[in-house]
Amino acid sequence: MADESLSERYRAWQAEGLDPGGCPVRDVLDQLGDKWSTLIVIILAGGAHRFSALRRAIPDISQRMLTQSLRDLERDGLVLRTVFPTKPPSVEYRLSELGRSLLEPLAPLVGWAEANHGAIRAARARYDREQQAAE
């Protein structure tokens, strides 16, 4: 089973004495699990985008946060940034080969999120009502 395999892998990391800072789950998924990075990767899966097009695609992201998220994704090797010598210079972002390799495992997770979004929202509402009633 997948859940046993994941638990076994975690136990193996612990047995190796892996320090928390070197944990592959924390180190890699911390960036991808933030509020914006996965959305940016999903958008760039459709092809290269300029900064302004990314802002329009994610209207509630701030310019500062989009800039930081793109820098982090570029630092991790998932996104490539190309500057064109125009006046003013234009910049385009696209997935690197490593970034494209992320799409295969990401697609089932996105499908799971879509399929279970309603159930999760309902669970949150129940929990919030119960917490409010307990106060």
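This is a predicted model, so every value here is computed, not measured. (Residues numbered from 1 in each chain as written. Predicted model: local features only at pLDDT ≥ 70, side-chain atom pairs only at ≥ 80, totals over all residues. Heavy atoms only, no water.)

**What about the overall build of the protein chain?**
Within the protein chain, the regular secondary structure consists of 6 helices and 3 strands. From first element to last, N terminus to C terminus, the protein chain shows the α and β order α-α-α-β-α-α-β-β-α. The globule rule puts the C-alpha radius of gyration for 135 residues at 14 Å, and the 19 Å found for the protein chain is more than 25% above it. Counting only C-alpha atoms and orienting by the principal axes, one finds that the protein chain spans roughly 60 × 45 × 25 Å. By the burial criterion, 21% of the 135 residues in the protein chain qualify as buried. Considering only contacts in the protein chain between residues 6 or more positions apart, those separated by 24 or more positions represent 44%. Accessible surface for the protein chain amounts to roughly 10,000 Å². Of this, 53% is attributable to carbon and sulfur atoms. Charged side chains in the protein chain number 18 positive and 19 negative. The centres of these two groups are separated by 10 Å. (Helix = DSSP H or I, 4+ residues; strand = E, 2+ residues; numbered from the N terminus. Rg over C-alpha atoms; globule rule 2.2 N^0.38 Å. Buried < 20%, exposed > 50% of the residue type's maximum accessible area, 1.4 Å probe, protein only. Contact = heavy atoms within 4.5 Å. Areas by Shrake-Rupley, 256 points an atom, 1.4 Å probe, with all protein chains shown as cover. Lys, Arg positive; Asp, Glu negative; His and termini not counted. Charge placed at Lys NZ, Arg CZ, Asp CG, Glu CD.)

**A short note on the sheet that holds strand β3 (residues 90-95)**
Backbone hydrogen bonds are what pair the strands of a sheet, in a parallel or an antiparallel way. Taking strand neighbours across the sheet as the criterion, the 3 strands line up as β1-β3-β2 in an open arrangement whose pairing is antiparallel. Of all the strands in the sheet, just β1 (49-50) and β2 (79-84) have a single pairing partner and so form its edges. As paired strands, β2 and β3 are joined by 6 bridges and run antiparallel to one another. Within the sheet, the bridge partner assigned to F84 lies in β3 and is S90. (Pairing = 2+ DSSP bridges.)

**Describing the environment of D34**
Among the secondary structure elements, D34 is positioned in the loop between α2 (24-32) and α3 (37-44). Of the residues examined, D34 reaches a relative accessible area of 27% and is grouped as partly exposed.

**Considering the UniProt feature "domain: HTH hxlR-type" (unreviewed entry) in the protein chain**
The sites that carry the UniProt feature "domain: HTH hxlR-type" (unreviewed entry) are, in the present numbering, residues 23-121. As annotated, residues 23-121 comprises 63% helix and 14% strand, and the C-alpha atoms at either end are separated by 30 Å. (UniProt positions renumbered as here; feature names shortened; annotations may be inferred.)

**What to know about unusual backbone geometry**
Of note, the bond from K87 into P88 is cis; its omega dihedral lies within 30 degrees of zero at -10°. In this structure, P88 sits in the loop between β2 and β3.

**Some words on the nonpolar core**
With 21 residues, the main nonpolar core has I40 and Y93 as its most contacted residues. For this core, the secondary structure elements donating two or more residues are α3, α4 (51-57), α5 (63-75), β3 and α6 (97-134). Considering each element in turn, this core owes the most residues, 4 residues, to α3. Excluding residues that lie within four positions of it along the chain, Y93 makes contacts with L44, A48, H49, F51, L54, L70, V79, L80 and R81. (Core = buried A, V, L, I, M, F, W, Y, C linked by side-chain atoms within 4.5 Å.)

**Considerations on the pairing of β3**
Pairing of β1 with β3, which is carried by 2 bridges, proceeds in the antiparallel orientation. Within β3, the position partnered with R50 by the bridge is E92.

**Section: the environment of G21**
Within the element layout of this structure, G21 appears in the loop between α1 (2-15) and α2. Spatially, the C-alpha atom of G21 lies 31 Å from that of N116, the residues being 95 residues apart in sequence.

**A look at the packing of α3 against α6**
Following both chains from N to C, one finds α3 and α6 inclined at 110°, their axes separated by 11 Å at the closest point. As the angle between them shows, α3 and α6 are arranged roughly perpendicular. Note that α3 runs across α6; the crossing there is left-handed. Contact with α3, carried on its side by T38, V41, I42 and L44, involves R100, L102, L103, L106 and V110 of α6 and no other residues of that element. (Axes fitted to C-alpha atoms, helices over the stretch in contact; angles between N-to-C directions. Parallel < 35°, antiparallel > 145°, perpendicular 65-115°, else oblique. Left-handed = near helix turned anticlockwise from the far one by under 90°.)

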